[in-house]
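Observations on chain architecture
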Amino acid sequence: MPKKLLIVTGGGDCPGLNAVIRGVVKRASVIGGWDVYGSIESFCGILRDPPEIRLLTSETVARIHVQGGTILLTTNKGNPFEWSWRREDGTVETIDRSDELIAKIREFGFAGVISIGGDGSQRISYDLGNRGLPVVGVPKTIDNDLAGTDYTFGFQTAVQTATDAIDRLVTTAESHNRVMIVEVMGRGAGWIALHAALSGGAEVCLIPEIPYDINTVKERIERRFAAKRGYSIVVVAEGARPTHGSITTIGSSEVGRNPVRLGGVAYALSRQLKDAGLSADIRETVLGHLLRGGSPIAFDRILGTQFGVHAFDLVAAGSFGRLVSYQGTQVTDIPFSDALMTEKLIPAEHQLIETARGVGISFGDGK
């Protein structure tokens, strides 16, 4: 009788998720002796009554590596340790269903679980592993902020999408002599913003790791206009903040997710520049979920496939409690704990920071 393997995709969607799923299923087909299943909307599919689980075959995953999103759907509101729902009277109740989840996975006869997700999903995987769940993690986030891996799949596609947007904004900015502020995702890390600013030729790049002074940003833009270059591109990460200031957030009333959401920094920055006396015309563009959608570029299709194959091999070998990792040019794996000890932020001395400064990009810190 074939062994059974379960795949879950949790957290935000990301280009390359389907490539990982396909990599796992294709590897299982080559090895033989395994049936691969997917739980709909992460662990929610297991906990629902009736369960939402589907068999994944080579036919099921044919050519899905070119598709964005995930055929298994995903959610960031399905934490089994903090399972929440709203009662009819409007109150929200939260309970721990982790033991129930583990029991159901065992009842279904799954020999292992591959959890594809970012830091939040992998913390859940780590905690479930400590309770006895045989789980392997695959790092996924466009933000590239998960420690222990040089790249997460989806990041390079997000950077390409942001770069394409900047390329288009340059022409309209130049035509109208405007300042274009481009807001990108990234949470508390500036990886997308830094890469996009470099590849798109921005004048200013504001990232969470380097608090900015609004007068310094204003002066950099004014120098650009004074040099007869009547337009400017400013890339700002959603978690960027001014010196002695705080990040810009918007509220969320969705049950089961963090009540704080990042967003709106492009408009906040625009107001700050106007209040500081910048006379140039300003427009704001928030790329938001555009960075998560669409077909993955070749790099992320390949990396996702590598991750999927390596994750299956870990399960087949019984090496649980591990997170797949990309280091240098090799796909390897590390303990969950190594990846979750800290958030991967951009070091002040990072070579790309120095490269950006070397071509005149300002981080708003006066350096």
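Below you will find a few notes about this structure. Once a new chain begins, its residue numbering starts again from 1 and follows that chain's sequence as written. At least 70 in pLDDT is required for a residue's local features to be given in this predicted model, at least 80 for side-chain atom pairs to be given and counted, and no such filter applies to totals for whole chains, interfaces and linings, which use all residues. Each side-chain value is worked out from all heavy atoms of the structure, with water and hydrogens disregarded.

1. Quick look at the packing of helix H1 (residues 17-31) against helix H9 (residues 298-316)
Axis separation between H1 and H9 bottoms out at 7 Å; the angle between their running directions is 45°. With respect to each other, H1 and H9 are oriented oblique. Both H1 and H9 take part in a crossing whose hand is right-handed. The residues of H9 that touch H1, namely those facing Ala 19, Val 20, Arg 22, Gly 23, Val 24, Arg 27, Ala 28 and Ile 31, are Asp 300, Arg 301, Gly 304, Thr 305, Gly 308, Val 309, Phe 312 and Asp 313. Here the residues of the contact of H1 with H9 are counted per class, giving seven nonpolar, four polar and five charged. Lines fitted to the C-alpha atoms define the axes, with helices restricted to the stretch that makes contact. Angles between their N-to-C directions range from 0 to 180 degrees. Runs of H or I in DSSP of at least four residues are treated as helices and runs of E of at least two as strands, each being numbered from the N terminus. An angle counts as roughly parallel when it lies under 35 degrees, as roughly antiparallel when it exceeds 145, as roughly perpendicular when it falls between 65 and 115, and as oblique in every other case. Note on convention: the crossing is left-handed when the near helix lies turned anticlockwise from the far helix by less than a right angle, right-handed when the turn is clockwise. Throughout, a residue-residue contact means that at least one pair of heavy atoms, one from each residue, lies within 4.5 Å. Under the scheme applied, nonpolar residues are Ala, Val, Leu, Ile, Met, Phe, Trp, Tyr, Cys and Pro; charged residues are Asp, Glu, Lys and Arg; polar residues are all the others, including Gly.

2. Things to note about the state of the cysteines
Structurally, a disulfide amounts to a covalent bond that connects the sulfur atoms of two cysteines. Our working definition of a disulfide is a cysteine sulfur pair at a distance within 2.5 Å. Using the criterion set out here, one finds zero disulfides in the structure. The thiol sulfur of Cys 14 is not disulfide-bonded, and the nearest other cysteine sulfur, from Cys 44, lies at 19 Å. Three exposure classes are used, based on accessible area relative to the maximum for each residue type with a 1.4 Å probe and protein chains only: buried under 20%, partly exposed in between, and exposed over 50%. Since its relative accessible area comes to 1%, Cys 14 is described here as buried.

3. Points about the sheet that holds strand E13 (residues 281-286)
By this definition, two strands are paired if DSSP reports at least two bridges between them. A sheet is described by the order of its strands in space; here four strands give the open sequence E9-E10-E8-E13, paired in parallel fashion. The strands lining the two open edges of the sheet, one partner per strand, are strand E9 (204-206) and E13. Neighbouring strand axes in the sheet, compared pairwise and without regard to direction, differ in orientation by 15° on average. Against the sheet, helix H8 (residues 265-275) makes contact with strand E8 (178-184), E9, strand E10 (232-237) and E13, and its axis sits at roughly 165° relative to E13, the strand it touches most.

4. Structural notes on the side chain of Glu 238
For Glu 238, the location among the structural elements is in the loop between E10 and strand E11 (249-251). Charged residues are defined narrowly, with Lys and Arg counted positive, Asp and Glu counted negative, and His plus the chain ends left uncounted. Here a salt bridge means any side-chain nitrogen of Lys or Arg lying within 4 Å of a carboxyl oxygen belonging to Asp or Glu. Comment: no salt bridge for buried Glu 238; closest opposite-charge side chain is Arg 187, at 6.0 Å. Here a polar contact means two N or O atoms within 3.5 Å. Within protein one must be a hydrogen donor candidate and the other an acceptor candidate, and residues neighboring in sequence count only if both atoms are side-chain atoms. Within the structure, Glu 238 has its side chain in polar contact with the backbone nitrogen of Gly 186 (distance 3.1 Å).

5. Description of unusual backbone geometry
Here the bond from Asp 49 into Pro 50 is cis, since omega is 0°, no more than 30 degrees from zero. Position of Pro 50 among the secondary structure elements: in the loop between helix H2 (44-47) and strand E3 (53-56). Of note, the phi angle at Glu 41 is positive, near 55°, even though the residue is not glycine. You can see Glu 41 is positioned in the loop between strand E2 (34-39) and H2. One non-glycine residue, Asn 144, adopts positive backbone phi at about 60°.

6. Section: helix H7 (residues 214-226)
For H7, spanning 13 residues, the distance from its first C-alpha to its last is 18 Å, which sits close to the expected 18 Å at 1.5 Å a residue. Among the residues of H7, those classed as buried are Ile 214, Val 217, Lys 218, Arg 220, Ile 221 and Arg 224. Within H7, the buried residues cover an arc of 160° as seen down the axis, which keeps them to one side. Among the exposed residues of H7, those pointing more than 90 degrees away from its buried face are Arg 223 and Ala 226. Helix span, as expected, comes to 1.5 Å for every residue beyond the first. Regarding the arc, it is the one traced by the directions from the helix axis to the C-beta atoms.

7. As for the sheet that holds strand E1 (residues 3-9)
Each strand in a sheet pairs with another by means of backbone hydrogen bonds, the pair being arranged parallel or else antiparallel. Taken in spatial order, the seven strands line up as E3-E2-E1-E6-E7-E14-E15 in an open sheet, and their pairing is mixed. Each having just a single partner strand, E3 and strand E15 (330-335) make up the two edges of the open sheet. Shown here is a sheet whose adjacent strand axes are inclined to one another by a mean of 30°, direction ignored. With two bridges joining them, strand E7 (residues 135-139) and strand E14 (residues 322-327) adopt parallel strand pairing. Bridging from a neighbouring strand, Gly 137 pairs with Leu 323 of E14.

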